[in-house]
Amino acid sequence: MQESHPVIKNELLAYMLRPQRIVFIVNPKAGTNLQKHIRDSVDKHLNHKKFEYGIWLTEQEGHAAELAEKAQKEGYEIVVAVGGDGSINEVGSALVGSETILGIIPAGSGNGLAMHLGYGRDIDAAIKIFNTAEVRTIDCGTMNGRLFINIAGVGFDGLVSNLMKGSHWRGFLPYFLKSVEAGLSYTSRNCRIELDDKVLDLNCFAISIANGPMYGYNFQIAPDARLDDGLFEVVILKDAPRWQYFAAIPSMLNSKIYDAEFVEHYAARRVKISAEGENHVHLDGEGIIVDGDLNFEMRPAALKILVPKL
Ligand SMILES: [Mg+2]
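Residues numbered from 1 in each chain as written. Predicted model: local features only at pLDDT ≥ 70, side-chain atom pairs only at ≥ 80, totals over all residues. Heavy atoms only, no water.

1. What about the coordination of the magnesium ion?
Distances from the magnesium ion to its protein donors, namely R226 (O), D229 (OD) and L231 (O), fall within the range 2.1 to 2.2 Å. Counting along the primary sequence, the residues that act as donors to the magnesium ion give the motif R-x2-D-x1-L. A relative accessible area of 44% places R226 in the partly exposed class. Using a relative accessible area of 21% as the deciding quantity, one classes L231 as partly exposed. (Donors = N, O, S within 2.8 Å, 3.2 Å for Na, K, Ca; no water. Buried < 20%, exposed > 50% of the residue type's maximum accessible area, 1.4 Å probe, protein only.)

2. Quick look at the domain arrangement of the protein chain
For the protein chain, the assigned domains read domain 1 (6-141) and domain 2 (146-299). Computed over C-alpha atoms, the centres of domain 1 and domain 2 are 28 Å apart. Across the boundary between the two partners, domain 1 contributes 22 residues, which contact 27 residues of domain 2. Approximately 2000 Å² of surface area, both sides summed, lies buried where domain 1 meets domain 2, with 59% of it carried by carbon and sulfur atoms. Per-residue buried area on domain 1 facing domain 2 is highest for D139, C140 and G141; these three make up 31% of the total on that side. At the surface where domain 1 touches domain 2, the tally comes to one salt bridge. D228 is paired through a salt bridge with R136; the nearest N and O atoms lie 3.4 Å apart. The interface formed by domain 1 and domain 2 contains 10 residue pairs in polar contact (both at pLDDT 80 or more). When contributions to the side of domain 1 that touches domain 2 are tallied by element, the ones reaching two or more residues are α4 (85-95), α5 (112-117) and β5 (134-143). Split by residue class, the side of domain 1 that touches domain 2 holds seven nonpolar, 12 polar and three charged. (Domains from an automatic or database assignment. Contact = heavy atoms within 4.5 Å. Buried area = accessible area lost by both parts, 1.4 Å probe. Salt bridge = Lys/Arg side-chain N within 4 Å of Asp/Glu carboxyl O. Polar contact = N/O pair within 3.5 Å; in protein donor to acceptor, adjacent residues only side chain to side chain. Helix = DSSP H or I, 4+ residues; strand = E, 2+ residues; numbered from the N terminus. Nonpolar A, V, L, I, M, F, W, Y, C, P; charged D, E, K, R; others polar.)

3. Here's the deal with the pattern of salt bridges
Under the definition given, this model contains 12 salt bridges. Note that D40 is salt-bridged to K36, the shortest N-O span being 2.8 Å. In this pair, D40 and K36 are both assigned in helix α2 (residues 34-45), four residues apart and thus about one turn of the helix distant. A single network of salt bridges, built from pairs that share partners, joins R192, E194 and D201.

4. Focus: empty space enclosed by the protein
One pass over the full model with this rule turns up one cavity of 30 Å³ or more. Put simply, the largest cavity is a space of about 40 Å³. Considering the residues around the largest cavity, the lining is formed by V154, G155, Y186, R189, C191, C204, F205, A206 and I207. At the level of elements, β7 (151-155), β8 (189-195) and β9 (198-210) are the ones that each hand at least two residues to the lining of the largest cavity. Examining the composition of the lining of the largest cavity, we find that four residues originate from one element, β9, more than from any other. Split by residue class, the lining of the largest cavity holds seven nonpolar, one polar and one charged. (1 Å grid on protein atoms, 1.4 Å probe; cavity = no way out; pocket = protein on both sides within 12 Å on 5 of 7 lines; lining within 4 Å. Points joined across faces, edges and corners; volume = space filled by probe spheres on them.)

5. Thoughts on the side chain of T58
Within the secondary structure, T58 sits in the loop between β2 (51-57) and α3 (63-73). T58 gets classed as buried once you look at its relative accessible area, which sits at 10%. The contacts of T58, once residues within four sequence positions are left out, are I25, V26, N27, P28, H63, A64 and L67.

6. Section: the packing of α3 against α4
Axis separation between α3 and α4 bottoms out at 8 Å; the angle between their running directions is 35 degrees. As α3 runs across α4, the sense of the crossing is right-handed. Here H63, A64, A65, A68, E69 and Q72 of α3 lie close against α4, whose contacting residues are E90, V91, A94 and L95. Considering only residue class, the contact of α3 with α4 consists of six nonpolar, two polar and two charged. (Axes fitted to C-alpha atoms, helices over the stretch in contact; angles between N-to-C directions. Left-handed = near helix turned anticlockwise from the far one by under 90°.)

7. Thoughts on the packing of aromatic side chains
Counted according to the given criterion, the structure contains nine aromatic pairs. Each ring, one from F205 and one from Y245, has its centre 4.1 Å from the other, and the planes form 15 degrees; the classification is stacked. Within this pair, whereas F205 is found in strand β9, its partner Y245 is found in helix α9 (residues 242-247), the two being separated by 40 residues in sequence. Using a relative accessible area of 3% as the deciding quantity, one classes F205 as buried. Ring geometry for Y245 against F262: centres 5.0 Å apart, planes inclined by 85 degrees, an arrangement best described as edge-to-face. Here the residue Y245 occupies a position in helix α9, and F262 occupies one in the loop between α10 (249-253) and β11 (263-268), the gap between them amounting to 17 residues. By relative accessible area, Y245 is classed as buried at 9%. Three or more aromatic residues joined by ring pairs make a cluster, and in this case those are F156, Y186, F205, Y245 and F262. Its end group placed over the ring of Y76, R21 keeps NZ or CZ at 4.2 Å from the ring centre. Lying over the aromatic face of W56, K70 brings its terminal NZ or CZ to 5.0 Å of the ring centre. (Phe/Tyr/Trp six-rings, centres within 6.5 Å; stacked < 30°, edge-to-face > 60°. Lys NZ or Arg CZ within 6 Å of the ring centre and 35° of its normal.)

The following block contains the structure:
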């Protein structure tokens, strides 16, 4: 057997053992203590032999995506979104289709994706996870060209997200109160839903196009959703008396929502939803209003993401 050249071998070894470059993107407005907590925790818990790190602060809305793109161009291997599903969406949108790996530090509210991936809710624990984490490739989805990573929703939960936009109060209680408000005011609408080769005409209260199975707070809207099967899990809440929706909340917490009488669910690669008038939509919890058809496309294996090692 021929020995490889010792210099080349050493260079290769040095290359393999060099620290990985990781950058944390933090929204300083997300909490007065958050920035300090991240700095202290990175200093204390990140393996500094393994990582060379930066902490970058966002200055305005949309800045996280810009910073993530800059990090990718500058050769950072890992870009960490500090925040909830909305922050992950922003950073992830800039990294999708690239080799750059997305990391997550769950902070703020609505950490559905992080919870599903096993991150927990603790910042120190999340940073320790990075020291031993592994890389997974996951699917993403788009709605009329806009990316989502965890869940998109149309109807009731779209309205909840749009109502949340007007409130600066974050957390479970405001979310719950807006859900009650939306639950009482939203009325079901006739929707035409095209799923690959199937067409449904249904009176819908809410439609979730799920890549991941859960919203924050362990609400499992799509227990069968898998992040890497190349399919959306489409969960339709049909029109029903209001009390039935409220009564089904506990079943969402223990993955039994499919047992509810008013639920239909399907797996599909492509989804088109047509309904009269304005659509209340959310993408990873960010509310928008869309006029016209909603076209959902699957982007299989589009994003690399750091996950806790099992
Ligand atoms: Mg899937």
